[in-house]
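# Tertiary structure, described
The primary structure of each chain is shown beneath.
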Amino acid sequence: MANSVFEIFKIGIGPSSSHTVGPMVAAALFAHSLEEKGLMAAVHRVSCELFGSLALTGLGHGTDRAILLGLLGEKPDTVDPNAIAGMISAVRTSKSMKLLGKYAVAFNEPTDLMFLRGQTLPGASNAIRMKPYDADGNVFGEQVYFSIGGGFVVTQEELLGKKLVKEKVPAKYDFESAAELLNMAQAADLTIADLMLANERCWRSDTEIKAGLRLILKTMRDSINAGMVHEGVLPGGLNLPRRAPGMYKELAARGESSSRDQLAVLDWISLFAIAVGEENAAGGRSVTAPTLGSAGVIPSVLAYYEKFCQHATERGSFDLLLTAGAIGALYKRNASIAAAEVGCQGEIGAAGSMAAGGFVAAMGGSGEQISHA
């Protein structure tokens with residue numbers, strides 16, 4: 001099934017799409033499922049068990065915070081990063097929470113959020129088991145979710161084929177390989193970006209598409225700008241100081257000359273990528289591109305296009321995203337964008353490929369030039 005560009009590029013909070021965004025989505029899905037099934041009145045307490053790399057590295061990736069936020073009904077793309085600390089503190093202090101912000105239940109984090117290191121569940125590495133309890137301590141309506149990379153989440157039944165995933169409207173151009181993508185575009189006399197746009201029109205209006213693309217672009221720009229000015233030490237216990245603000249001050253001090261010097265331009269591109277990476281590491285808002293682990297690559301190339309390319313246009317920025325989305329969809333379909341499967345270099349490799357192809361598209365390159373890039 002063809003992926004939408006809005007499935008490849010999702011707005012969330014850092015530091016990880018599979019360890020932060022995915023668990024947050026899973027916890028919210030669990031809470032909503034209890035409400036939809038009419039079970040909330042019977043819920044006295046909830047607990048969560050984490051498996052695989054979620055258990056091993058979850059504390060460093062904010063998985064604990066993500067689970068609590070999801071149960072509270074918060075969404076990765078709309079939660080206020082500045083309000084997170086207060087919401088988490090309230091749950092931990094009161095040893096209770098309001099599921100979806102409405103239903104009061106007991107929740108004692110030391111006993112109700114379990115990191116089961118060394119344990120896995122059949123199906124995939126990053127498993128999350130959610131349990132509701134009645135007043136007598138009996139479990140009912142248990143659910144297992146898997147965070148499969150890039151913020152995508154499936155239930156255990158969906159992953160094992162015991163439950164059909166809800167099908168969306170078929171895409172007009174459902175390509176399975178790069179060769180098929182190029183052939184379809186050539187036969188229809190479309191660019192890759194226009195082909196992706198035709199697919200998006202199967203699912204949403206032109207107004208919604210443009211608004212969605214503008215929001216992704218704005219979030220990428222905001223992440224760069226925030227990362228260039230937020231100083232201090234990154235969370236995680238390694239005491240790593242942020243580098244981007246110092247780099248920004250140094251480049252800004254050079255003035256106009258730095259924008260004309262091609263080597264200095266490379267410094268700017270590095271700065272943009274580092275700024276996003278550090279903002280994401282600090283739990284700020286970023287875009288999966290295609291994951292949060294590789295969130296800085298595409299925004300840095302986008303910023304280069306918009307700031308340093310003389311004839312840059314909004315349509316060019318749209319083409320960059322749409323084309324990069326097509327390439328990302330091929331990786332997701334035929335390989336993987338999940339670090340749990342292909343490692344951190346797999347994420348970065350996919351992001352670099354998407355950025356290169358997207359930049360060539362923004363500069364008016366042909367489908368063949370895009371595929372070579």
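See the structure printed just above.
What counts as what
Residues numbered from 1 in each chain as written. Predicted model: local features only at pLDDT ≥ 70, side-chain atom pairs only at ≥ 80, totals over all residues. Heavy atoms only, no water. Axes fitted to C-alpha atoms, helices over the stretch in contact; angles between N-to-C directions. Helix = DSSP H or I, 4+ residues; strand = E, 2+ residues; numbered from the N terminus. Parallel < 35°, antiparallel > 145°, perpendicular 65-115°, else oblique. Left-handed = near helix turned anticlockwise from the far one by under 90°. Contact = heavy atoms within 4.5 Å. Nonpolar A, V, L, I, M, F, W, Y, C, P; charged D, E, K, R; others polar. 1 Å grid on protein atoms, 1.4 Å probe; cavity = no way out; pocket = protein on both sides within 12 Å on 5 of 7 lines; lining within 4 Å. Points joined across faces, edges and corners; volume = space filled by probe spheres on them. Salt bridge = Lys/Arg side-chain N within 4 Å of Asp/Glu carboxyl O. Buried < 20%, exposed > 50% of the residue type's maximum accessible area, 1.4 Å probe, protein only.

Taken N-terminus to C-terminus, the directions of helix H14 (residues 297-308) and helix H15 (residues 314-334) make an angle of 155 degrees; their axes are 10 Å apart at the nearest point. Here H15 runs roughly antiparallel to H14, going by the angle between their axes. Taken as a pair, H14 and H15 cross one another with a handedness that is right-handed. On H15, the residues that touch Ile298, Leu302, Tyr305 and Glu306 of H14 are Gly316, Ser317, Leu320 and Ala324. Of the residues assigned to the contact of H14 with H15, the class counts are 5 nonpolar, 2 polar and 1 charged.

Attention now goes to the layout of surface pockets. Taken as a whole, the largest pocket holds about 1,500 Å³ of empty space. Lining the largest pocket are 47 residues, and of these Glu7, Lys10, Gly151, Phe152 and Val153 sit closest to its centre. Among the secondary structure elements, those contributing two or more residues to the lining of the largest pocket are helix H1 (5-8), helix H2 (17-36), strand S7 (143-149), strand S8 (152-155), helix H7 (156-159), helix H10 (206-229), H15 and helix H16 (339-362). Ranked by the residues each element gives to the lining of the largest pocket, the list is headed by H2, at 6 residues. Its residues assigned to classes, the lining of the largest pocket shows 24 nonpolar, 11 polar and 12 charged. Roughly 650 Å³ of volume is contained in the second largest pocket. Looking at the second largest pocket, it is lined by 30 residues, and the ones nearest its centre are Pro15, Leu234, Gly277, Asn280 and Ala281.

Our focus in this paragraph is empty space enclosed by the protein. For the coordinates displayed, the defined rule picks out 1 cavity of 30 Å³ or more. Considered as a void within the structure, the largest cavity measures approximately 60 Å³ in volume. Lining the largest cavity are Met1, Ala2, Asn3, Phe175, Ala329, Leu330 and Arg333. A breakdown of the residues in the lining of the largest cavity according to their chemical character gives 5 nonpolar, 1 polar and 1 charged.

Next up on the list: the pattern of salt bridges. On inspection of all chains with the given rule, the structure shows 19 salt bridges. Across the pair lysine 102 and glutamate 35 runs a salt bridge whose closest N-O atoms are separated by 2.7 Å. With lysine 102 in the loop between strand S3 (96-99) and strand S4 (103-106) and glutamate 35 in helix H2, the pair connects residues that are 67 residues apart, well separated along the chain. Owing to a relative accessible area of 26%, glutamate 35 belongs among the partly exposed residues under this scheme. When the shortest N-O distance is used, the salt bridge between arginine 221 and glutamate 306 registers 2.8 Å. With arginine 221 in helix H10 and glutamate 306 in helix H14, this pair connects stretches of sequence that are 85 residues apart. The class of glutamate 306 is partly exposed, set by a relative accessible area of 26%.

Any functional reading would require information that these geometric values do not contain.
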